[in-house]
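Single-letter residue listing:
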Amino acid sequence: MELKLIFDSKGIDKRFSTGWGLSILIDDFFLFDTGENGSYILNNFKIMGIDIKKIKKIFISHEHWDHTGGLWEILKEAKADVFVCKSFSNEFKEKIKNYNSNIYEIEKFTEIGENFFSTGEIEGIFAGLPIIEQALAIKRKKGLVIITGCSHLRVDKIVEIIKNKLKEEVDLVLGGFHLMDTRKSLIENLVNNLKNLKVNNVCPIHCIGFN
């Protein structure tokens, strides 16, 4: 399995567009989130030599602008199935349908493709209010790969939900960990929890914070 980081807040190569949000491509056909801006993500696809038309599935973790902003430009070129939470706004879901794309509304833990699983709707807190999101789990021989958009619930709790469902070891947790301005003591607690869950590797990117 090959993971390509398409969009994040920082980049080593100055040719790439950066900004808020994230986007990750799996085996050139499965796109997790779409960053904040369509022109940014199209530029990065071009530099990486990625054929957008090969994208067949798009997974949107939650409805925030920095995870959905590039979706519309991609749907102009890719005939892709789009997986969203059932509780996303009707306006957002209708807009996807206007691009003649198939939309799948996920509510519960669901296998959405061979060895690809959505957690279904999980509730976290953002700015003091409830927010619904979904995370992705991929089965591999080495163990599960878990990809998160923002982890508003807490990434360790998301890992626990997935492990309880799939009963397998976790090789990698990748994505947004939502730890901006979080106290070091809370981060240490999170790290200990991930160790206790026997997570082999972590790759925190979007919304991680300096600590």
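Structure: see above.
Residues numbered from 1 in each chain as written. Predicted model: local features only at pLDDT ≥ 70, side-chain atom pairs only at ≥ 80, totals over all residues. Heavy atoms only, no water.

Student: Looking at this model, I keep getting lost on the overall build of the protein. Mind explaining?
Tutor: A tally of regular secondary structure across the protein gives six helices and 14 strands. Here the C-alpha atoms of the protein give a radius of gyration of 16 Å, agreeing with the 17 Å that 2.2 N^0.38 yields for 211 residues. If you line up the protein on its principal axes, its C-alpha atoms span 45 × 40 × 40 Å. By residue count, 49% of the 211 residues in the protein fall in the buried class. (Helix = DSSP H or I, 4+ residues; strand = E, 2+ residues; numbered from the N terminus. Rg over C-alpha atoms; globule rule 2.2 N^0.38 Å. Buried < 20%, exposed > 50% of the residue type's maximum accessible area, 1.4 Å probe, protein only.)

Student: Even after reading the chapter, I still don't get the sheet that holds strand β2 (residues 23-26), so can you show me in this structure?
Tutor: Sheet strands associate in pairs through backbone hydrogen bonding, adopting either a parallel or an antiparallel arrangement. The strand order across the open sheet built from six strands is β1-β2-β3-β4-β5-β6, with neighbouring strands paired in mixed fashion. Two strands close off the open sheet at either side, each with one partner strand: β1 (3-7) and β6 (103-106). The average undirected angle you get between the axes of adjacent strands in this sheet is 20°. Bridge count for β2 against strand β3 (residues 30-32) is three bridges, and the pairing is antiparallel. Within the sheet, the bridge partner assigned to Leu 25 lies in β3 and is Leu 31. On the sheet, helix α1 (residues 38-48) packs against β1, β2 and β3 and is oriented at approximately 140° with respect to β1. (Pairing = 2+ DSSP bridges. Axes fitted to C-alpha atoms, helices over the stretch in contact; angles between N-to-C directions. Contact = heavy atoms within 4.5 Å.)

Student: Would you take a moment to explain the pairing of strand β5 (residues 81-85) for this structure?
Tutor: For a regular strand, the rule is simple: side chains alternate between the two faces of the sheet. Extensive coverage of β5 is indicated by the burial of five of its five residues. The alternating pattern of β5 places Asp 81, Phe 83 and Cys 85 on one face and Val 82 and Val 84 on the opposite face, and all of these are buried. For the handedness criterion, the β-α-β arrangement of β5, helix α4 (residues 90-97) and β6 is classed as right-handed. (Right-handed = clockwise from strand over helix to strand, strands pointing away.)

Student: Could you clarify how one ought to interpret the sheet that holds strand β7 (residues 110-113) in this entry?
Tutor: The strand order across the open sheet built from six strands is β7-β8-β11-β12-β13-β14, with neighbouring strands paired in mixed fashion. Of all strands in the sheet, those bounded by a partner on one side alone are β7 and β14 (199-204). On average, adjacent strands in this sheet sit at an angle of 25° to one another, irrespective of strand direction. Two elements, strand β13 (residues 170-175) and β14, share five bridges in a ladder whose sense is parallel. From the neighbouring strand, Gly 175 faces β14, where its bridge partner is Pro 204. Sheet strands in contact with helix α5 (residues 155-166) are β8 (116-118), β11 (136-138), β12 (144-148), β13 and β14, and its direction is about 140° off that of β12.

Student: What is the right way to read α5 from this model?
Tutor: With 12 residues, α5 extends 17 Å from end C-alpha to end C-alpha; this agrees with the ideal 16 Å at 1.5 Å per step. Looking at α5, one finds that the buried residues are Val 155, Asp 156, Ile 158, Val 159, Ile 162, Lys 163 and Leu 166. Along α5, the residues classed as buried sweep out an arc of 155° about the axis, all on the same side. Looking one or two places after α5, you find Lys 167, whose phi comes out positive at around 55°. (Expected span 1.5 Å × (residues − 1). Arc of directions from axis to C-beta.)

Student: Where do I start with the packing of aromatic side chains in this structure?
Tutor: Any pair of aromatic rings gets described here by the distance separating the centres and the angle formed by the planes. One pass over the structure, following the stated rule, counts 11 aromatic pairs. Between Phe 30 and Phe 59 the ring centres are 6.3 Å apart and the planes differ by 35°, which places this aromatic pair in the tilted class. Of this pair, Phe 30 sits in strand β3 while Phe 59 sits in strand β4 (residues 57-59), and the two are 29 residues apart along the sequence. Of the two residues, Phe 30 and Phe 59, both sit in the buried class. Three or more aromatic residues joined by ring pairs make a cluster, and in this case those are Phe 29, Phe 30, Phe 32, Phe 59 and Phe 116. If you follow Lys 95 out to its NZ or CZ, it ends over the ring of Trp 72, 4.3 Å from the centre. (Phe/Tyr/Trp six-rings, centres within 6.5 Å; stacked < 30°, edge-to-face > 60°. Lys NZ or Arg CZ within 6 Å of the ring centre and 35° of its normal.)

Student: Could you clarify how one ought to interpret the nonpolar core in this entry?
Tutor: Buried together is how nonpolar side chains tend to be arranged in soluble globular proteins. Within the largest apolar cluster, 23 residues are counted, with the highest numbers of intra-cluster contacts made by Phe 45, Ile 55, Ile 58 and Ile 96. No other element matches the four residues that helix α3 (residues 71-75) contributes to this core. Counting 20 residues, the second largest nonpolar core, distinct from the first, contains Ile 122, Val 170, Val 173 and Ile 187. (Core = buried A, V, L, I, M, F, W, Y, C linked by side-chain atoms within 4.5 Å.)

Student: Would you explain a nonpolar patch on the surface in this entry?
Tutor: Taken together, the side chains of Trp 20, Trp 65 and Met 180 define a hydrophobic patch exposed on the protein surface, amounting to about 340 Å² of accessible area. Its location among the elements puts Trp 65 in helix α2 (residues 65-68). Given the relative accessible area of 52%, Trp 65 is considered exposed. (Patch = residues over 30% accessible without salt bridge, like charges linked within 9 Å, V, L, I, M, F, W, Y side chains within 5 Å. Areas by Shrake-Rupley, 256 points an atom, 1.4 Å probe, with all protein chains shown as cover. Salt bridge = Lys/Arg side-chain N within 4 Å of Asp/Glu carboxyl O.)

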